[in-house]
Amino acid sequence: MLRSSRPIIVWFRRDLRVDDHAALWHAAQENVPLVCLFIADQDLIAELPSDGSVFNFQAACLQELDARLRLLGNQLIVRYGRPEHVLEQLFRQLRPIALYYNRDYEPYARERDARVEGLARRFDVEVRSFKDHVLVEPWEMATKAGAPYTVFGHFYRAWTRQSKALPYGVPKYLPAMPGLTSEPIPTAERLRKSVTIPRWAVEPGSGAAHARWKHFRDTALRHYKQRRDFPAHDEGSSRLSPHLRFGTISIRRIYADAVALIEDPSLDVTERISVEQFIVELAWREFFQHVLWHFPQTVQQSFQAWGDAFPWENREEYFHAWCEGRTGYPLVDAAMRELNTTGYMHNRARMVVASFLVKDLHIDWRWGERYFRSKLLDGELAANVGNWQWSASVGVDPRPLRIFNPILQSRRYDPDGTYLRRWLPELQRLPAEHIHDPWSMSPLEQEHHGLRIGVDYPRPIVNHMERKRRFEEAYRQLTRNERSKMSRPR
Ligand SMILES: Cc1cc2nc3c(=O)[nH]c(=O)nc-3n(C[C@H](O)[C@H](O)[C@H](O)COP(=O)(O)OP(=O)(O)OC[C@H]3O[C@@H](n4cnc5c(N)ncnc54)[C@H](O)[C@@H]3O)c2cc1C
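Residues numbered from 1 in each chain as written. Predicted model: local features only at pLDDT ≥ 70, side-chain atom pairs only at ≥ 80, totals over all residues. Heavy atoms only, no water.

Focus: the overall build of the protein chain
Next, step 1: Scanning the protein chain for helices and strands turns up 23 helices and five strands.
Next, step 2: For a compact globule of 490 residues, the expected C-alpha radius of gyration is about 23 Å, and the protein chain comes in at 24 Å, within 12% of that figure.
Next, step 3: With respect to the principal axes defined by its C-alpha atoms, the protein chain has extents near 85 × 60 × 55 Å.
Next, step 4: In the protein chain, the share of contacts with a sequence separation of at least 24, taken over all contacts with a separation of at least 6, comes to 80%.
Next, step 5: Counting only carbon and sulfur atoms, one obtains 51% of the accessible surface of the protein chain, whose full area is about 21,400 Å². (Helix = DSSP H or I, 4+ residues; strand = E, 2+ residues; numbered from the N terminus. Rg over C-alpha atoms; globule rule 2.2 N^0.38 Å. Contact = heavy atoms within 4.5 Å. Areas by Shrake-Rupley, 256 points an atom, 1.4 Å probe, with all protein chains shown as cover.)

Looking at the pairing of strand S1 (residues 8-12)
Next, step 1: Of all five residues making up S1, five are buried, and the element is well covered by its neighbours.
Next, step 2: Burial along S1 is two-sided: Ile-8, Val-10 and Phe-12 facing one way and Ile-9 and Trp-11 facing the other are all buried.
Next, step 3: In the sheet, S1 pairs with strand S4 (residues 98-102) via four bridges, with the strands oriented parallel. Across the sheet, Trp-11 pairs through a bridge with Tyr-101, a residue of S4. (Buried < 20%, exposed > 50% of the residue type's maximum accessible area, 1.4 Å probe, protein only. Pairing = 2+ DSSP bridges.)

As for the packing of aromatic side chains
Next, step 1: A full pass over the atoms with the stated rule returns 41 aromatic pairs.
Next, step 2: Ring geometry for Trp-159 against Tyr-255: centres 5.8 Å apart, planes inclined by 80 degrees, an arrangement best described as edge-to-face. Of the two residues, Trp-159 sits in helix H6 (residues 152-161) while Tyr-255 sits in helix H11 (residues 251-262), which places them 96 residues apart along the sequence. Each member of the pair Trp-159 and Tyr-255 is classed as buried.
Next, step 3: Between Trp-284 and Phe-287, the aromatic rings sit 5.8 Å apart at their centres with planes inclined by 80 degrees, giving edge-to-face as the arrangement. A residue pair is termed a helical-turn pair when its members lie 3 or 4 positions apart in one helix, as Trp-284 and Phe-287 do in helix H12 (residues 269-294) at three residues.
Next, step 4: A residue is classified by how much of its surface remains accessible, and Phe-287, at 1% relative accessible area, is buried.
Next, step 5: An aromatic cluster is built from Tyr-149, Phe-152, Phe-155, Tyr-156, Trp-159, Tyr-255, Trp-284, Phe-287 and Phe-288, whose rings are joined through pairwise contacts.
Next, step 6: A cation over an aromatic ring shows up here: Arg-348 above the ring of Tyr-413, its NZ or CZ 4.2 Å from the ring centre.
Next, step 7: Above the plane of the ring of Tyr-344 lies Arg-350, whose end atom (NZ or CZ) is 5.3 Å from the centre. (Phe/Tyr/Trp six-rings, centres within 6.5 Å; stacked < 30°, edge-to-face > 60°. Lys NZ or Arg CZ within 6 Å of the ring centre and 35° of its normal.)

So, the domain arrangement of the protein chain
Next, step 1: Split into domains, the protein chain comes out as domain 1 (8-132), domain 2 (134-167 + 206-294) and domain 3 (306-481).
Next, step 2: A separation of 26 Å is found between the C-alpha centroids of domain 1 and domain 2.
Next, step 3: Contacts between the two partners involve 22 residues from domain 1 and, on the opposite side, 26 residues from domain 2.
Next, step 4: Here domain 1 meets domain 2 over a buried area of about 2,100 Å², counting both sides, of which 48% is carbon and sulfur.
Next, step 5: It is Asp-20, Tyr-105 and Lys-131 in domain 1 that bury the most area against domain 2; as a group they hold 33% of the surface buried on that side.
Next, step 6: Our count for the contact surface shared by domain 1 and domain 2 stands at five salt bridges.
Next, step 7: With a shortest N-O distance of 2.8 Å, Arg-103 and Glu-137 are connected by a salt bridge. (Domains from an automatic or database assignment. Buried area = accessible area lost by both parts, 1.4 Å probe. Salt bridge = Lys/Arg side-chain N within 4 Å of Asp/Glu carboxyl O.)

A short note on the site of the ligand
Next, step 1: Near the ligand there are 28 residues, and of these Tyr-224, Ser-237, Ser-238, Arg-239 and Asn-347 occur at the shortest range.
Next, step 2: Taking Ser-237, its side chain carries an N or O atom lying 2.5 Å from an oxygen atom of the ligand.
Next, step 3: Backbone polar atom of Leu-240 to an oxygen atom of the ligand: 3.0 Å apart, as the coordinates give it.
Next, step 4: In the complex, 96% of the free accessible area of the ligand, which totals 810 Å², lies under the protein chains.
Next, step 5: Most atoms of the ligand, that is more than half of them, are within 2 Å of grid points of the largest pocket.
Next, step 6: Looking at the shell around the ligand, the elements with two or more residues in it are helix H10 (241-246), H12, helix H16 (347-360) and helix H18 (381-391).
Next, step 7: Per-element accounting of the shell around the ligand gives the leading share, six residues, to H12.
Next, step 8: Residues of the shell around the ligand, tallied by class, amount to 14 nonpolar, eight polar and six charged.
Next, step 9: Structurally, the shell around the ligand is a two-domain feature, drawing no fewer than three residues from each of domain 2 (134-167 + 206-294) and domain 3 (306-481). (Near = heavy atom within 4 Å. Polar contact = N/O pair within 3.5 Å; in protein donor to acceptor, adjacent residues only side chain to side chain. 1 Å grid on protein atoms, 1.4 Å probe; cavity = no way out; pocket = protein on both sides within 12 Å on 5 of 7 lines; lining within 4 Å. Sits in = over half its atoms within 2 Å of the grid points. Nonpolar A, V, L, I, M, F, W, Y, C, P; charged D, E, K, R; others polar.)

What to know about the sheet that holds S1
Paired through backbone hydrogen bonds, the strands of a sheet run either parallel or antiparallel to each other.
Next, step 1: Pairing is parallel in the open sheet, where five strands are placed in the order S3-S2-S1-S4-S5. Either end of the sheet is taken by a strand with one partner, and the two such strands are strand S3 (76-81) and strand S5 (126-130). Taking each pair of neighbouring strands and ignoring which way they run, the sheet shows an average axis angle of 25 degrees.
Next, step 2: Pairing of S4 with S5, which is carried by five bridges, proceeds in the parallel orientation. Among the inter-strand pairings, Tyr-101 is bridged to a residue of S5, identified as Ser-129. (Axes fitted to C-alpha atoms, helices over the stretch in contact; angles between N-to-C directions.)

A closer look at the layout of surface pockets
Next, step 1: Of the pockets and cavities examined, the largest pocket occupies roughly 1,100 Å³.
Next, step 2: Lining the largest pocket are 40 residues, with Glu-281, Trp-284, Asn-347, Arg-350 and Asn-387 positioned closest to its centre.
Next, step 3: Elements with a contribution of two residues or more to the lining of the largest pocket: H10, H12, H16 and H18.
Next, step 4: Taken together, the residues of the lining of the largest pocket sort by class into 17 nonpolar, 10 polar and 13 charged.
Next, step 5: What lines the second largest pocket is a set of 34 residues, and nearest its centre among them are Leu-44, Glu-47, Leu-48, Glu-106 and Tyr-108. (Points joined across faces, edges and corners; volume = space filled by probe spheres on them.)

Points about the environment of Thr-196
Next, step 1: Turning to its location among the elements, Thr-196 is positioned in the loop between helix H7 (188-191) and helix H8 (206-218).
Next, step 2: Note on Thr-196: relative accessible area 42%, which makes it partly exposed.
Next, step 3: Between the C-alpha atoms of Thr-196 and Val-275, which are 79 residues apart in sequence, the distance is 36 Å.
Next, step 4: Here Thr-196 is in contact with Asp-51, Asn-340 and Lys-375, once residues within four sequence places are set aside.
Next, step 5: At a separation of 2.5 Å, a polar atom in the side chain of Thr-196 contacts the side chain of Asp-51.
Next, step 6: Polar contacts involving the side chain of Thr-196 include one to the side chain of Lys-375, which spans 2.7 Å.

This is the structure we're talking about:
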């Protein structure tokens, strides 16, 4: 017997799964009908730069979520519109006892949820929100002075000491509210978003997420530290980021499994260090969530004031060459083509292309941030803004000034050119000695390898050493000004 015929609405947002879903788990304990709701939030969709293929990825995750809910006796109810309007209508129609959801720390989501809470109060609907997207919430940590952490090393040490919840598991049964029908799942076509990415780097859905994690955890995770920096290595890193973005697997599950693996006596010291390094990366994810929560203005503004005073050149033709992978620097071009083709880019490559855009092309980091978010399956505000500001040296933890040399990075992290050849068919036939800087070949060598620089593959659009020097000069000038402003007596 159900305790009440009045339902609880469980609002799915960026947590498209039934396993270890905090809000769903708690709602399922209440023994009342559940309405499993997803809102295609038109305001948010209009504002997001995402490519249509990212929406199709989400649609496939929603499809799978619906199938899993049906196996548990329920279904996904999709609605289109502004969340307040959709919820107001459902509050009137269903007279729910409560609205449950997992907390989201982005500025737009926080404002939206505050509005929804106000609405729920008017309808006498209880609102319960849960920690789910992170292991430690931003307000659970502070420095001794009571301030937010802005240096990752300090944050990490404090974060490791925080207690972290164990996964909840899958509810056994999810009683449904009879008589409800769903609107269609929002695909790119339905949302009128054009699709430019031909294929996804990872499979959508929580089945794929769990399979991927299990395989990675049992095989490659113990070699993570040695392999994670090599973009040609498909199993060098977990590729779970799109799944963490859409919540098709929970952070609690990944963290608990990784911690259990560290304690596995069959691991040797280097293998254990690899698993620890992986946990450090999970902490970076949380760090940037916290930074965004404490400093929401960083979506638009550089954390370091000099970043917004820099004389950015913002040359459109440079930006287009960067976006399209036509800069003449093979590692940059290969990485951008990987992004444009699959919606994913390896972390090392992300650092190199971001450094190149800002420090070689002298283009505002915000242009790159937005382009990344339009193409990445894992593109999310906290990680993307945080990493772009880190790469531009304008973020919370800006020192030392890092300027990646795209040729040295290429030689070091793709020594035999496997990654470059995968994404740059025009360089296919070049041997490793020439592939990182093909323009250095003599005309005779070019002829020998069947490649005409400037015709088949572009010459470098800028001179790295010269652009680096100019960036450093401007940077020194601006940061000196900042420091002298700070030390001036008031
Ligand atoms: C310019 C730039 C932009 C980025 N934009 C995003 C973004 O929009 N979304 C995103 O999830 N990551 C972003 N990253 C971080 C990182 O590149 C990706 O998380 C990582 O490449 C995803 O691959 P993976 O799942 O195999 O990572 P793994 O190496 O397997 O790491 C495991 C998980 O840890 C987290 N993680 C790892 N590194 C970072 C990091 N530096 N910052 C935050 N979280 C991290 C991710 O959730 C990742 O899935 C960006 C990095 C740079 C340099």
